[in-house]
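Notes for the structure review
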Amino acid sequence: MKLVVGLGNPGKEYEKTRHNIGFMVIDKLSEKLKVYDFKEKFNGLLGEANYKGEKVLLLKPQTYMNLSGNSIIQVINFYKLNVEEDLIVVYDDMSLPLGKLRIREKGSAGGHNGIKSIISHMGDKFLRVKFGIGQSQDKDKIVDFVIGRFSKEEEEEVSKVLVHTSDIIMGMLDGVSLDRLMQICNKK
């Protein structure tokens, strides 16, 4: 069984913002896995698919970003999942250019409050897919930038990379080696 988590914030005001890129990836992935029914469980929206004989859970925590770990740990404990082997977390990363992807198996939070929350609950060894959202030009307006929407020009790029990101995660579910997937990400 695999648990794929997209980080974001609940509510209409946060839809399609940079900080909700994780939710957007889960939406794209749900199309590929034909998951149309998300239930309110574990302080999140949880969808379930059967993919090649393996259960795949899709989670959008509804705890707000800073408490994402609270939702995820509930799912991990209920299904008795192995964090290092069964968890994939997708989230926005300001340190990467817009649309650039990075895969990591462990590491620090890098200033991301959602990742800090997850690490506080289950340590730093879990698979991550970081989706670059670019950097704010004004260091005093980082929060506004992160919870802001993409420009029209950026939306086209984001749309393409959402498809690419969901393909990368499908590769993970198919058992493609992380080294190979990292090479693919680095080429884009």
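Residues numbered from 1 in each chain as written. Predicted model: local features only at pLDDT ≥ 70, side-chain atom pairs only at ≥ 80, totals over all residues. Heavy atoms only, no water.

Points about the packing of aromatic side chains
Geometry of an aromatic ring pair is reported as the spacing of the ring centres plus the angle between the planes. Keep this limit in mind: Only Phe, Tyr and Trp rings take part, Trp by its six-membered ring, and two of them pair if their centres are within 6.5 Å. Stacked means planes under 30 degrees apart, edge-to-face means over 60, and tilted covers everything else. Only DSSP runs of H or I covering at least 4 residues are called helices, and only runs of E covering at least 2 are called strands; the numbering of each starts at the N terminus. Only protein chains enter the accessibility calculation, which uses a 1.4 Å probe. A residue is then buried if its area is under 20% of the maximum for its type, exposed if over 50%, and partly exposed in between.
Applying the stated criterion across every chain, the model contains four aromatic pairs. Between Tyr14 and Tyr64, the aromatic rings sit 6.3 Å apart at their centres with planes inclined by 80°, giving edge-to-face as the arrangement. Here Tyr64 lies in the loop between β4 (54–61) and α2 (68–79) and Tyr14 lies in the loop between β1 (2–6) and α1 (21–33), a separation of 50 residues in the sequence. On the accessibility criterion, Tyr14 (19% relative accessible area) is buried. With a relative accessible area of 43%, Tyr64 lands in the partly exposed category. Plain terms: the ring middles of Phe42 and Phe78 are 5.3 Å apart, the flat faces sit at 55° to each other, and that makes the pair tilted. Of this pair, Phe42 sits in the loop between β2 (39–41) and β3 (44–51) while Phe78 sits in helix α2, and the two are 36 residues apart along the sequence. Taking relative accessible area as the criterion, Phe78 reaches 52% and is therefore assigned exposed.

Quick word on unusual backbone geometry
The backbone phi angle of Lys34 is positive, close to 60°, even though this residue is not glycine. Inspection of the secondary structure puts Lys34 in the loop between α1 and β2. Given the relative accessible area of 58%, Lys34 is considered exposed. Phi at Phe42 is positive, roughly 55°, even though this residue is not glycine. Under the relative-accessibility criterion, Phe42 is labelled buried at 15%.

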